[in-house]
Amino acid sequence: MWETWLCMEVFDEMPVRNSVTWNLLINGYVQAMCPEIGLELFSEMTKGGVAPTVFGVSGVLVGCAQLEDDEIGALVHGLSVKYGICDDVVVGTSLVDMYAKCSKVEESRRVFDQIPERNAITWIGAFLDQIVAPNFRILLSC
């Protein structure tokens, strides 16, 4: 955990921050199981005028899934639509996973159906999410 605080110190001293530095810090906190800090940083980044990227959005959605917070996840989903990155397979897969982990199985399935190009990770993730989700019978209707 001290590594993330050290990274934050270096980040705070940076004269110029861009989407790469923001995304690294956000994803670092989410991977360190500190999703609240990752989400807070994402909010600070967007309020500061830095546009969200595929990597930042997918990281924040992982954080939303960890917190089972579909309300913030839906807001991030809206931002991904606004910035035209919701059709990206990485963002789409992250949305499917986040909604499923928040027990929003129908929403997860709806997002899955709207991903223009699905890859193996998308299919496997959606399959596993549907099985472990409370209403996995939706998968049986495929």
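Residues numbered from 1 in each chain as written. Predicted model: local features only at pLDDT ≥ 70, side-chain atom pairs only at ≥ 80, totals over all residues. Heavy atoms only, no water.

Chemist: How should the overall build of the chain be read in this particular structure?
Modeler: From N to C terminus, the chain includes nine helices and zero strands. From first element to last, N terminus to C terminus, the chain shows the α and β order α-α-α-α-α-α-α-α-α. Every one of the 142 residues in the chain was classed for burial, and the buried ones make up 39%. Accessible surface for the chain amounts to roughly 8100 Å². Of this, 61% is attributable to carbon and sulfur atoms. (Helix = DSSP H or I, 4+ residues; strand = E, 2+ residues; numbered from the N terminus. Buried < 20%, exposed > 50% of the residue type's maximum accessible area, 1.4 Å probe, protein only. Areas by Shrake-Rupley, 256 points an atom, 1.4 Å probe, with all protein chains shown as cover.)

Chemist: Explanation requested: the pattern of salt bridges in the structure shown.
Modeler: Proximity of charged atoms lets side chains of opposite charge pair with each other. Enumeration according to the criterion identifies four salt bridges in this entry. The shortest N-O distance in the salt bridge between Asp70 and Lys104 comes to 3.7 Å. Of this pair, Asp70 sits in helix 5 (residues 70–82) while Lys104 sits in the loop between helix 6 (89–101) and helix 7 (105–114), and the two are 34 residues apart along the sequence. When the shortest N-O distance is used, the salt bridge between Arg109 and Asp113 registers 3.1 Å. Remark: Asp113 and Arg109 occur in helix 7; sequence separation between them is four residues, near one turn of the helix. (Salt bridge = Lys/Arg side-chain N within 4 Å of Asp/Glu carboxyl O.)

Chemist: What am I meant to see in a nonpolar patch on the surface here?
Modeler: On the surface, a cluster of nonpolar side chains totalling about 300 Å² of accessible area is made up of Ile124, Phe127 and Leu128. One can find Ile124 in helix 8 (residues 120–132). (Patch = residues over 30% accessible without salt bridge, like charges linked within 9 Å, V, L, I, M, F, W, Y side chains within 5 Å.)

Chemist: Would you explain the packing of aromatic side chains in this entry?
Modeler: To describe a pair of aromatic rings, you give the distance between the ring centres and the angle between the ring planes. Applying the stated criterion across every chain yields a total of zero aromatic pairs. Note that Arg118 overlies the ring of Phe112, its terminal NZ or CZ placed 4.4 Å from the centroid. (Phe/Tyr/Trp six-rings, centres within 6.5 Å; stacked < 30°, edge-to-face > 60°. Lys NZ or Arg CZ within 6 Å of the ring centre and 35° of its normal.)

Chemist: What am I meant to see in the side chain of Ser108 here?
Modeler: Assignment of secondary structure puts Ser108 in helix 7. A distance of 2.9 Å separates a polar atom in the side chain of Ser108 from the backbone oxygen of Val96. (Polar contact = N/O pair within 3.5 Å; in protein donor to acceptor, adjacent residues only side chain to side chain.)

Chemist: Please clarify how helix 5 should be interpreted in this entry.
Modeler: For helix 5, which comprises 13 residues, the first-to-last C-alpha distance of 18 Å matches the rise-based estimate of 18 Å (1.5 Å per residue) to within 8%. Restricting attention to buried positions, one finds in helix 5 the residues Gly73, Val76, His77 and Ser80. The buried residues of helix 5 occupy an angular sector of 110° when the element is viewed end-on, so they sit on one face. Turned more than 90 degrees off the buried face of helix 5, the exposed positions are Glu71, Leu75 and Lys82. If you check the start of helix 5, you find a side-chain oxygen 3.2 Å away from the backbone N of Glu71, and it comes from Asp69. (Expected span 1.5 Å × (residues − 1). Arc of directions from axis to C-beta.)

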